[in-house]
Amino acid sequence: MVGGEPREASDRPAAACYAAHSALYFRPDGLVHACCVTGFAVGSVIGRERQSLREIWNGAALRAQRAALEAHSYEFGCQECEVAQGSGGRQASLAYHFDRFASDTAHEFPKLLDLALSSRCNLMCVMCNGSLSSAIRTRREGLPPLPDVYDDRFFEELDEFLPHVERLQFKGGEPFLAPENRRIWDRLIDIGHVPEVSVTTNGTLLNDHVERYVRELRVHPNISVDGMRADTLESIRVGVDAERLWRHIDRFQELAEVAGNGMTLSYCLMGANWREVLPFLLEADRRAVNCNVIFVNQPPEYDLLRTPVHELAEIYRELSSNRPQFRTSEPERVWHELLDRIRSQIEHPVEIVVHAAELTPPPIGQEEQALLRVEIEREHGLAPLVLEAEDGIVCALDLPDWAGWLQPSGWVGQRMDGLAGTISEEVGALTSSVLTSDRPGVELISLEIDTVEGSRLLRLHLFVDEATGRRRGFLVERQEDLDPASADPPV
């Protein structure tokens, strides 16, 4: 649907999305995805499961996601774009922005690299979290800073890709605070390659170094502005000085106009600021710059589309009663697009309006579970420990003999997401990392436990049982010296 009208069949892309064919997104924790909204990880550049960038690009996980999208299936973590297209048209989804890279097969090299290499940030925006803001993590959540995970090997491997990239997007955190980004910018200048470069910034940092990068790399600044009144803006983007931000925006626009690549102003739309979205679009129109309105979906209390339908209808009536006169086309397009999205949610409410990475994975049936179990037993030579949880609380365990050392007898009644702490207290220090799984609906987690006998490695396969709706997990110890090709499942 586009603006409420059905798409012509000829407008339907050959694939639901071309991100997996053309792009890589790097998270602050070292996981790699095809884009920033898919919940499906395709590789990792850290830890025991580390892969080279070439292995990730040519790997089985990306091939599986490409095949699904070619079949117009969104099952590999792409539900957010499915929902956005259904309610606001293709241009309302991130998938639309990858159409420029459309190809029947994967490109030899990624055309777009989306880089969120660091969570360093000087603001504590109310809708953000400690995974994306070091200030929130240390001050609001009381946790230690996330480690820096992008090492020399990563940047050496990146050298193979950079000359072939057509577009680089830098996110954060605050990108201008991250030394990892400066390393890439300096490298681009050294090799004389200037692709499209976009930096999504909170606009608080502006100095000689920032200005140099904007000029020499012809950077397109994408500056976040979430309120037109100073009190609104400062209450949402905690730590920002509204007056100073607008001065910086003026200077960024001057630099961008000299560079010739323009500037974007972005607006995170939520319950606290919806009344100021039209003044925001009018300001973008006055400046003749690009604009972008993002529907916040996490945490849920900031999600405008979760507002009760009768209240959302009132919001829609107030917004749609305005008849703004725009001078340029983009603010007008964005205005009608956001109205369409709100109206669609009122007329055809959808449950899945959250970030794809936060979505509950699609449930899997008994046959698929049986196949997964056989595969686990064949690979590891052990029957898995089976956990089951209802409303997040462990309610049942099936314990094989090998699992006694984990001391699982007290797990029932505890929260499943709190078991790592229990294991650490009872058995030994535990570290975990998310791995890639080639099975839709299954999350794969690596657990390494430092016991008195030495380090032991486990794999946890998490999924939702189709019959009961309960969360289930298959936990097995990895046998390092086992040859999977010769292993038979235990009788």
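The coordinates are above.
Residues numbered from 1 in each chain as written. Predicted model: local features only at pLDDT ≥ 70, side-chain atom pairs only at ≥ 80, totals over all residues. Heavy atoms only, no water.

### Looking at the state of the cysteines
Selection criterion: Here, two cysteine sulfur atoms that lie within 2.5 Å of each other are counted as a disulfide. Three exposure classes are used, based on accessible area relative to the maximum for each residue type with a 1.4 Å probe and protein chains only: buried under 20%, partly exposed in between, and exposed over 50%.
Inspection of the entire model under this criterion finds zero disulfides. There is no disulfide at C35, and the cysteine sulfur nearest it, in C36, is 5.5 Å away. C268 supplies the cysteine sulfur nearest to C291, a cysteine that is in no disulfide, at a spacing of 14 Å. We classify C291 as buried; its relative accessible area is 3%.

### Observations regarding the packing of helix α12 (residues 309-320) against helix α13 (residues 329-347)
Spelled out, the test is: For helices, the axis comes from a line fit to the C-alpha atoms of the stretch in contact; other axes are also lines fit to C-alpha atoms, and the angle between any two N-to-C directions lies between 0 and 180 degrees. Runs of E in the DSSP output that reach at least two residues are strands. Runs of H or I that reach at least four are helices, and both are numbered from the N terminus. Angle categories are assigned with fixed cut-offs, so that under 35 degrees is roughly parallel, over 145 is roughly antiparallel, 65 to 115 is roughly perpendicular, and the rest are oblique. In this scheme, a crossing is called left-handed if the near helix is turned counterclockwise away from the far one by less than a right angle; it is called right-handed if the turn is clockwise. Contacts were defined at the residue level, with two residues in contact if any of their heavy atoms lie within 4.5 Å. In this count, Pro and Cys sit with the nonpolar residues alongside Ala, Val, Leu, Ile, Met, Phe, Trp and Tyr, while Asp, Glu, Lys and Arg are called charged and the others, Gly among them, polar.
Between α12 and α13, the shortest axis-to-axis distance is 9 Å and the interhelical angle comes to 155°. Considered as vectors, α12 and α13 are oriented roughly antiparallel to each other. Two packed elements cross with a definite hand, and for α12 against α13 that hand is left-handed. Between α12 and α13, the residues in contact are V309, L312, A313, Y316, L319 and S320 and W335, L338, L339, I342, R343, Q345 and I346, respectively. Per-class residue counts for the contact of α12 with α13 are 10 nonpolar, two polar and one charged.

### With respect to empty space enclosed by the protein
We count it as follows: In this analysis the probe radius is 1.4 Å and the grid spacing 1 Å, with only protein atoms considered; a cavity is a set of points the probe fits into but cannot get out of, a pocket is an open set with protein on both sides within 12 Å along at least five of seven lines, and lining residues have an atom within 4 Å of a point. Grid points are joined across faces, edges and corners, and a volume is the space filled by probe spheres set on the points.
Per the stated rule, a full pass over the model turns up one cavity of 30 Å³ or more. Taken as a whole, the largest cavity holds about 100 Å³ of empty space. For the largest cavity, the lining is made up of 14 residues, of which C17, A19, C35, T38 and C78 are closest to its centre. Its residues assigned to classes, the lining of the largest cavity comprises 12 nonpolar, two polar and no charged.

### Looking at the environment of V476
Looking at the element boundaries, V476 is found in strand β15 (residues 471-477). V476 gets classed as buried once you look at its relative accessible area, which sits at 0%. Between the alpha carbons of V476 and L447 there is a distance of 10.0 Å; along the sequence they are 29 residues apart. For V476, the residues in contact, after removing those within four places along its chain, are I376, H380, L382, P384, W402, L457, L458 and R459.

### Quick notes on the pattern of salt bridges
How we decide: We define a salt bridge as a side-chain nitrogen of Lys or Arg found within 4 Å of a carboxyl oxygen belonging to Asp or Glu.
Inspection of the entire model under this criterion finds 37 salt bridges. For the salt bridge of R54 with E160, the shortest nitrogen-to-oxygen distance reads 3.4 Å. Of this pair, R54 sits in helix α2 (residues 53-57) while E160 sits in helix α6 (residues 152-161), and the two are 106 residues apart along the sequence. The exposure class assigned to R54 is partly exposed, which follows from its relative accessible area of 23%. According to the relative accessible area criterion, E160 is partly exposed, its value standing at 38%. A salt bridge links R167 to E196, with the shortest nitrogen-to-oxygen separation between them at 3.0 Å. Taken together, the positions of R167 in strand β5 (residues 167-170) and E196 in strand β6 (residues 196-201) put the pair 29 residues apart, joining distant regions of the chain. On the basis of relative accessible area, E196 is assigned to the partly exposed category, the value being 32%. Each member of the salt-bridge network shares a partner with another, and the members are E211, R215, R251 and E254.

### Regarding the environment of L94
Along the chain, L94 falls in the loop between α4 (79-88) and β4 (112-115). Along the sequence, L94 and T38 sit 56 residues apart, while their C-alpha atoms lie 9.9 Å from each other. Once residues within four sequence positions are removed from consideration, L94 is found in contact with C35, C36, V37 and C81.

### A look at α12
Structurally, the α-helix is built with 3.6 residues per turn, so residues lying three or four positions apart point the same way. Under the convention used in this document: In this analysis, the expected span of each helix is defined as 1.5 Å times one less than the number of residues it contains. Starting at the helix axis, one direction is taken to each C-beta atom, and the arc is that of these directions.
The end-to-end C-alpha separation of α12 is 16 Å, in line with the 16 Å expected for 12 residues at 1.5 Å each. Those residues of α12 not exposed but buried are L312, A313, I315, Y316, L319 and S320. Taken down its axis, α12 places every buried residue within 160° of arc, on the same side.

### Topic: the nonpolar core
Defined as follows: Each nonpolar core is a collection of buried residues, namely Ala, Val, Leu, Ile, Met, Phe, Trp, Tyr and Cys, held together in the definition by side-chain atoms within 4.5 Å.
In this structure, F26 and L338 are the most contacted members of the largest nonpolar core, which totals 102 residues. Beyond its immediate stretch of four places on either side in the chain, F26 contacts L31, V32, V45, L53, L113, D114, L115, A116, L117, Y150 and F154. Of all hydrophobic cores here, the second largest spans 30 residues; its members include A403, L458, L462 and F474.

### Focus: the packing of helix α11 (residues 277-287) against α13
Where α11 contacts α13, the two axes come as close as 9 Å, and the packing angle between them is 160°. The pairing of α11 with α13 is recorded here as roughly antiparallel in orientation. For the pair α11 and α13, the crossing hand works out as right-handed. Facing α11, whose interface residues are V277, L278, L281 and D285, α13 presents P331, V334, W335 and L338.

Honestly, that's just the spatial picture; any functional story needs more than this.
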